[in-house]
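Report on the structure
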Amino acid sequence: MGSYRKPAAVGVGCLVALATTGCSEQAEPVDRAARPAPSATAAPGTSSPAGTGTAYAPYVSATDAADTDSAGSPTTYNLAFVLADGDDCAPRWDGGHAIGDAAVKARISRLTQNGGQVRVSFGGASGRELAAVCDSATELAAAYGKALDTAGATRADFDVEGDELADPASVVLRSKAIALLQRERTDLEVSLTLPVMPSGLGKKSLALLRSASDNGVKVATVNLMTMNYGSSFDGDMGGYALTAARAAHTQLKKVFGTSDAEAWKGMALTSMIGVNDVDGETFTLADAAEVRAFAEEKGIGWVSMWSAPRDRQCADGSAPDRPATDCSGVRQRPGAFGEAFAG
């Protein structure tokens, strides 16, 4: 997913270099010999907090408030994003704001004042991810922990895509750091956010999940970015999201050795509302309602969107040439997507 550092006219979502071929890597058949998670490692759906029903947890800017942030009364806000400070293993909000920024702390306080929680999201499509610059698992875990402590959060999301997804060294380092962090913080809930195609998770995403499993990471949720598939997918975006979820469900069962119900509960779905980064891809309010109904039927853990600041109509109802960071590009009431996803 994108970055809030970009000006409004610049596309969000996938890396620019992938815009013509899709955000998601091409999925490949699952290795049937893939071993399930070790018994000491919780699989998706087995380490989630108690409770029933599908939650709504939109991505919001960690630094800038939007009138539509609270539409749909989210149970959790995904704070986007924590990135590295250049080549230094120092966490910063969106790569440009000090982790202890008083304005960010005040924003988090406002978001949570009515009982909602925050999940700190590390990574995204732009900037440098901490796992790409930190030298050791200990150093990386400390950087992650500093951001979580600042936000007062016990939930961490790792959005891995683009160059970082294709870098085996950073994948392993991240897995080791998360496992270390969870040993220190036994209540830490982890989600892994990955690109997906209608055919399912790609080879690199599956390798990342196996790395997490092999290193003892307790994964609560695998969050699928149901967006930006590529020029060959220009039809029903809601239908594609459901097809991708079904394909990934089969893969998650095999990778983690879970039951049907656990694999659904350990899944989240995140759509890019309105106009996507790939020509021909537009996610509508009807698509949002379809995804919500499907998620409830299957018992999916949570649904989300990129992003709450985009949950309003563009000026004069116009559709921008490229996706904007502050409007959806489709006709809607402010907050209508949030309400649809919340059900």
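Note that this is a predicted model, so its numbers are computed, not measured.

Some details on the side chain of Thr270
Mapped onto the secondary structure, Thr270 falls in strand S10 (residues 267-272). The contacts of Thr270, once residues within four sequence positions are left out, are Met1, Tyr59, Asn223, Leu224, Met225, Thr226, Met227, Trp302, Ser304, Met305 and Trp306.

Some thoughts on the nonpolar core
Formed by 86 residues in total, the largest nonpolar core has its most connected members in Trp93, Phe122, Tyr144, Leu209 and Phe341. Residue contributions to this core peak at ten residues, all from helix H5 (residues 237-256). In contact with Trp93, not counting residues within four places along its chain, are Ala62, Thr63, Leu79, Phe81, Val82, Ala98, Ile99, Val104, Ile108, Val120, Ala147 and Ala151. Counting residues in hydrophobic clusters, the runner-up holds nine residues, among them Met1, Ala80, Met227 and Met272.

Some remarks on the environment of Leu181
Structurally, Leu181 is set in helix H3 (residues 168-184). Between the C-alpha atom of Leu181 and that of Gly145, which follows or precedes it by 36 residues, the distance is 7.2 Å. Ignoring anything within four residues of it in the chain, the contact list for Leu181 reads Ala141, Tyr144, Gly145, Leu148 and Leu188.

A short note on the pattern of salt bridges
Applying the stated criterion to the full structure yields twelve salt bridges. Residue Glu129 pairs with Arg174 through a salt bridge whose shortest N-O separation is 2.8 Å. Placement of the pair is Glu129 in the loop between strand S6 (117-123) and helix H2 (137-151) and Arg174 in helix H3, with a sequence separation of 45 residues. Overall, the relative accessible area of 4% leaves Glu129 in the buried class. Among the salt bridges present, the one from Arg333 reaches Glu339, with a minimum N-O distance of 3.0 Å. One connected set of salt bridges, linked through shared partners, spans Arg119, Arg155 and Glu189.

Criteria and thresholds
Positions within a chain are numbered from 1, following the residues in the order the chain's sequence is written. In keeping with the predicted nature of the model, local features appear solely for residues at pLDDT of at least 70, side-chain atom pairs appear and are counted solely at 80 or more, and the whole-chain, interface and lining totals rest on all residues. To obtain the side-chain values, all non-hydrogen atoms of the structure were used and water was disregarded. Strands here are runs of E lasting at least two residues and helices are runs of H or I lasting at least four, both read from the DSSP assignment and numbered beginning at the N terminus. Contacts are assigned to residue pairs that have any heavy atoms within 4.5 Å of one another. As used here, the term nonpolar core means buried Ala, Val, Leu, Ile, Met, Phe, Trp, Tyr and Cys residues forming a set that is joined through side-chain atoms within 4.5 Å. Accessibility here uses a 1.4 Å probe with only protein chains present; expressed as a share of the type maximum, an area under 20% marks a residue as buried, one over 50% as exposed, and anything in between as partly exposed. What makes a salt bridge here is a side-chain nitrogen of Lys or Arg within 4 Å of a carboxyl oxygen of Asp or Glu, nothing more.

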